[in-house]
Amino acid sequence: MAARSLRPFGTVLSAPRRGSLYFRGSPCVFSTAAQQRSTGDECGPEDPRDEPKHPLSDCALEHKAIKLEEQVRDLTERYRKALADSENVRRRTQKFVEDAKLFGIQSFCRDLVEVADILEKTAESAAEEVEPSNPNPTLKKICEGLCLIEAKLQSVFAKHGLQKMNPVGGKYDPYDHEIVCHVPAEGMQPGTIALVTQDGYKLHGRTIRHALVGVAVESQE
C-alpha cells in the first residue's frame, strides 16, 4: 500500500475567499481585521461631496449677471464722483496756497500805502516852496530827494504787484471807488470821476484800499 502523504492537523489550506484563512478540521472561517475594516468602509455612508451638483438655470444666471452689472455701474459711478471730489479739493488747496503767496502781504501793504501818502504830500509841499525866480538850493535838493524816494517806492510797489489807481476821467466803480463829494460836470460826462482826494491801491488786481473820489454831476441852474 502506497504511503499516503499525511498533512498535519491545522495545516493552512487555500482560502475559499480573499482575506480568509481555512484550517482543516475546523469549519470556522476567520476574517482578517483589514477585511472587516474594508467591509465596514464599503457599507458606510457615501461622501456628500460626491453627489452631483445641480447646475443653475439660464434664468438664474442671467439675473445674477444683471445684478453684477448693476454693482459694477454703481461702483464705477462712486469712483468717478470720488475722483472728481479729490480733484476739486486739490484745485481749491492749490488756489489757497497761491492766494496765500500773493496776498500774504496785504495787511502790510495797507499800512505802507499810508506812508506813501505822507511822502507824496511832503514832496508836493516842498515843490510849492521852491520859487522859480530865487530857488533855495537846499530846499531844491530836498525836493528832488523826496521825488526820487517817491518814485523808487512806487517802483517797489509795482514789483510786488501793488499799483496805484488812476481813476480820473473814468467811470465810477463801487468796487474800487468811494464817493466823498459831487462836483459840477464842466466839460465832463456826468457819472465820471472828476477828482481824487485819496489814492486807491490794488494788490494783484484785488482792491485793498478804495479811492476817495468826487463824481461829476449835471449842474442845476
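The notes below deal with the structure included here. Small disclaimer: the values here were computed from a predicted structure and weren't measured. (Residues numbered from 1 in each chain as written. Predicted model: local features only at pLDDT ≥ 70, side-chain atom pairs only at ≥ 80, totals over all residues. Heavy atoms only, no water.)

1. Side note on the overall build of the chain
- The helix and strand tally for the chain stands at 4 helices and 9 strands.
- Looking at the chain as a whole, 16% of its 221 residues qualify as buried.
- Summed over all atoms, the accessible surface of the chain reaches about 17700 Å², with 56% contributed by carbon and sulfur. (Helix = DSSP H or I, 4+ residues; strand = E, 2+ residues; numbered from the N terminus. Buried < 20%, exposed > 50% of the residue type's maximum accessible area, 1.4 Å probe, protein only. Areas by Shrake-Rupley, 256 points an atom, 1.4 Å probe, with all protein chains shown as cover.)

2. Focus on the nonpolar core
- Phe157, Leu162, Tyr201, Leu203 and Ile208 are the most contacted members of the largest nonpolar core, which has 15 residues in total.
- Within the residue set of this core, elements represented by two or more residues are helix H3 (106-129), helix H4 (137-159) and strand S7 (201-203).
- Counting residues per element, this core draws most heavily on H3, which supplies 6 residues.
- Residues contacting Leu203, with those up to four places away along its chain left out, are Leu102, Phe103, Ile105, Gln106, Cys109, His160, Gly161, Leu162 and Ile208. (Core = buried A, V, L, I, M, F, W, Y, C linked by side-chain atoms within 4.5 Å. Contact = heavy atoms within 4.5 Å.)

3. Considerations on the sheet that holds strand S8 (residues 206-209)
- Spatial ordering of the open sheet is given by S4-S7-S8, a layout of 3 strands whose pairing is antiparallel. For this open sheet the edge positions go to strand S4 (162-164) and S8, each flanked by a neighbour on one side alone. Taken over all neighbouring pairs, the strand axes of this sheet differ in orientation by 35° on average, direction set aside.
- Across 3 bridges, S4 lies against S7 in antiparallel orientation. Across the sheet, the residue bridging to Leu162 is Leu203, located in S7.
- Each of S4, S7 and S8 is contacted by H3, which is oriented at about 60° to S8, the strand it contacts most. (Pairing = 2+ DSSP bridges. Axes fitted to C-alpha atoms, helices over the stretch in contact; angles between N-to-C directions.)

4. Comments concerning the packing of aromatic side chains
- Counting across every chain of the model gives 1 aromatic pair.
- Ring centres 6.0 Å apart and planes at 90° place the aromatic pair Phe157 and Tyr201 in the edge-to-face group. With Phe157 in helix H4 and Tyr201 in strand S7, the pair connects residues that are 44 residues apart, well separated along the chain.
- For Tyr201, a relative accessible area of 0% gives the class buried.
- Across from the ring centre of Phe103, 3.7 Å away, lies the NZ or CZ of Arg206, which sits over that ring. (Phe/Tyr/Trp six-rings, centres within 6.5 Å; stacked < 30°, edge-to-face > 60°. Lys NZ or Arg CZ within 6 Å of the ring centre and 35° of its normal.)

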